[in-house]
Amino acid sequence: MTTKMTHDHSAANESRPARRPVDTSRFAHITPSVDGQPPPWIRSVLDQADIRVQGDRPWDLQVHDPRLYGRLLRHGSVGLAEAYIDGWWSCYRIDEMMTRLLRTGVQGHMPALVRLKDACRGLAYRLINFQSDRRAFTVGKVHYDIGNDLFRRMLDESMMYSCAYWAQAQTLADAQQAKIDLICRKLDLRSGQTVLDIGCGWGGLAGHLARHYQVNVVGVTVSKEQQAFARQKLADLPVDIRLADYRSLTGRFDRVVSVGMFEHVGAKNHRIFFETVHRLLADDGLFLLHTIGDEADSAAPEPFINKYIFPNGKVPSRREINNASLGLFRLEDWHNFGPDYDRTLMAWAERIDAAWPVLSGRYDERFQRLWMFYLYSCAAFFRSRQGQLWQQVYSPRTSDLAYRSVR
C-alpha cells in the first residue's frame, strides 16, 4: 500500500515556454477568491511588474486568502511559496509572474523585517560552514533521495538533472544528449584515460563517457538512491559509482568533470573544492565545471530554495568562482547558455504535470504545489537573466596545453 509523500525539509533548516502551459490555478480550490487590494508596498511592487490582483491575464495574481499579504511582509519569498502551497493564491502562469517580479528587482524592495532576516542569514553563512563534512550528505537525503520514480517521470531517459543544450535541439532528450556531447568534446577525451565525475547523479554522463569514449570513470554522489540506480544501470561498464564527499577522494585522473554539483559546495568551501580538483587532476589534464551562476553577489542562498529544495548550498557568483580558482588553474573557456535552463525547467514541468496521475498515489497535493513552484520560480530566475548557466574549462597553471574552445 502506498503512502502519500510530503517534502521533508527537517534535515535542512524570453526563452521558449513549454508547449502546453500548466494551469496551476486548479491547485487553489481550498478557499474562494477575495476582494480588496494589497497594502501599499505590495501594490507598488506589483504595479512595477504589471501584475494585477484578481486580473484576467495569465500572469495576474489570484488571491484566495487575504492573510497572504501579511505573510509576504514577514517572510518575503518563503512566505510567497508557503502561501501558494497552502492554497492562498494561484496564477495560471507562475513562471511569467515570477519573471516579471525578478525583472523589477523585487529583492531590493523587500520590507524591513525581511531585509533584517536576510542580513542575519548572510551573517550566519559568513560564520558557519553549512557544507562541512558532517553536512555534506544532507542534500542527498532531503532532495535526491525523495524517490527515483519522481525523477524518472520528470527527466528524460538520460536522467540528467542539469541544464540541457538547446542550440540545435527540439526535444528534451535531444537537448540533453547535445549537452553530454558538448561536454565530451570540450574534455578532448582519449581511449584509456581515467575520468572523475564529481556529482555524477544517476550516472547518465558517466555511462556515456565509458561506453562511447572507452575511458574508465569514477563517479561520486551523496545520494544513496542515485548510487543504487547508477550501479545497477552501469554494471557492465568500467564505471565505479561511490557514495562519497569530494573532499575524501584520492588518486589522479586525466580528466575531471562536475555537472550541477558546485551549487552544493557552499561559499566557504569554494577554494577547498578547487584545491581538491587540482590535487586530483593530472598535470596535463582538463577540468570542466558546469554550474548555475548568479549575476549578483549574495551572502546567503535564496531562502525558499534553501529551506525546501537544496539545503545548505548557494549559487556562486562570477567573483566567487574566479577568486576560488585563481592561482590553481588557467581558465581556458567560459561558456554561458543560461537561457537554455529556462527551457529545460519548463520541459520538466510539463513532464511532471503529465505524469501526476501516476505519481499522486505517493506524493500529495501539497508536495505537487511545492514542486511546481520550485520548477516555475527557477525558470523565472533564468528567463529574467539574473540566473546563468556556466560551463568553464580549466587546465593546471603549469600545463603547456594549447586549448581551443568548443561549441
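Nothing here was measured: the structure is a model prediction, and the numbers come from that model.

**Some details on the overall build of the protein chain**
Then, in step 1: Helix and strand counts for the protein chain come out as 14 helices and 9 strands.
Then, in step 2: For the protein chain, the exposed area adds up to about 17200 Å²; of that, 52% sits on carbon and sulfur atoms.

**What about the packing of aromatic side chains?**
Then, in step 1: Inspection of the entire model under this criterion finds 35 aromatic pairs.
Then, in step 2: Aromatic pair Trp334 and Trp390: ring centres 5.2 Å apart, planes at 75°, arrangement edge-to-face. One end of the pair, Trp334, is in strand β8 (residues 329–336); the other, Trp390, is in strand β9 (residues 387–396), with 56 residues separating them in the sequence.
Then, in step 3: Residue Trp334 is classed as partly exposed on the basis of its relative accessible area, which comes to 24%.

**Some words on the nonpolar core**
Then, in step 1: Trp89, Tyr161, Trp371 and Tyr374 are the most contacted members of the largest nonpolar core, which totals 105 residues.
Then, in step 2: No other element matches helix α14 (residues 365–383), which puts 13 residues into this core.
Then, in step 3: Sequence-distant contacts of Tyr161, that is, excluding residues within four places in its chain, are made with His143, Tyr144, Phe151, Met154, Leu155, Trp202, Phe310, Tyr341, Trp348, Trp371 and Tyr374.
Then, in step 4: Core analysis: the next-biggest nonpolar cluster, separate from the first, contains 25 residues, Leu249, Phe274, Phe287 and Phe329 among them.

**Here we look at the pairing of strand β5 (residues 239–243)**
Then, in step 1: Relative to β5, strand β4 (residues 216–221) is paired through 5 bridges, and the arrangement is parallel. Looking at β5, one finds that Val220 is bridged to Arg242.
Then, in step 2: In this view, the connection linking β4 to its parallel neighbour β5 by way of helix α9 (residues 224–233) has right-handed handedness.

**Points about the side chain of Thr276**
Then, in step 1: With respect to the secondary-structure elements, Thr276 resides in helix α10 (residues 270–280).
Then, in step 2: Apart from the residues lying within four places of it in its own chain, the contact partners of Thr276 are Tyr246 and Arg247.

**What about unusual backbone geometry?**
Then, in step 1: For Gln54, which is not glycine, the phi torsion reads 60° and is therefore positive.
Then, in step 2: You can see Gln54 is positioned in the loop between α1 (40–48) and β1 (62–63).
Then, in step 3: In this structure, Met159 takes a positive phi of about 60° despite not being glycine.
Then, in step 4: Within the secondary structure layout, Met159 lies in the loop between α6 (148–154) and α7 (172–187).

**Some remarks on the pairing of β9**
Then, in step 1: Of all 10 residues in β9, 10 are buried; the element is thus mostly enclosed.
Then, in step 2: When β8 meets β9, the two strands line up antiparallel, connected through 7 bridges. Of the residues in β9, the one forming a bridge with Asp333 is Val393.

**Description of the environment of Phe253**
Then, in step 1: Position of Phe253 relative to the elements: it lies in strand β6 (residues 253–259).
Then, in step 2: It is 9.9 Å that separates the C-alpha atoms of Phe253 and Phe287, two residues lying 34 residues apart in sequence.

**Remarks on the side chain of Thr221**
Then, in step 1: With respect to the helices and strands, the residue Thr221 is situated in strand β4.
Then, in step 2: Judged by relative accessible area, Thr221 falls into the buried class, the value being 4%.
Then, in step 3: Engagement of the side chain of Thr221 in a polar contact is seen with the side chain of Gln226, the distance being 2.6 Å.
Then, in step 4: Leaving out residues up to four positions away in the same chain, Thr221 has contacts with Cys200, Gln226, Gln227, Ile241, Arg242, Leu243 and Ala244.

**Overview of α9**
Then, in step 1: Within the span of α9, buried status applies to Gln226, Gln227, Phe229 and Ala230.
Then, in step 2: Looking at the packing, one finds that the buried side of α9 touches α5 (138–144), α6, β4 and β5.
Then, in step 3: Where α9 begins, the side chain of Ser223 points an oxygen toward the backbone nitrogen of Glu225, at a separation of 3.4 Å.

**Re helix α12 (residues 318–325)**
Then, in step 1: Along α12, the residues that are buried comprise Glu320, Ile321, Ala324 and Ser325. Angular distribution of buried residues about the axis of α12 spans 115°; they occupy a single face of the element.
Then, in step 2: Those residues of α12 hidden inside the fold are in contact with α10, β7 (281–294), β8 and β9.

Calculation rules
- Residues numbered from 1 in each chain as written.
- Predicted model: local features only at pLDDT ≥ 70, side-chain atom pairs only at ≥ 80, totals over all residues.
- Heavy atoms only, no water.
- Helix = DSSP H or I, 4+ residues; strand = E, 2+ residues; numbered from the N terminus.
- Areas by Shrake-Rupley, 256 points an atom, 1.4 Å probe, with all protein chains shown as cover.
- Phe/Tyr/Trp six-rings, centres within 6.5 Å; stacked < 30°, edge-to-face > 60°.
- Buried < 20%, exposed > 50% of the residue type's maximum accessible area, 1.4 Å probe, protein only.
- Core = buried A, V, L, I, M, F, W, Y, C linked by side-chain atoms within 4.5 Å.
- Contact = heavy atoms within 4.5 Å.
- Pairing = 2+ DSSP bridges.
- Right-handed = clockwise from strand over helix to strand, strands pointing away.
- Polar contact = N/O pair within 3.5 Å; in protein donor to acceptor, adjacent residues only side chain to side chain.
- Arc of directions from axis to C-beta.

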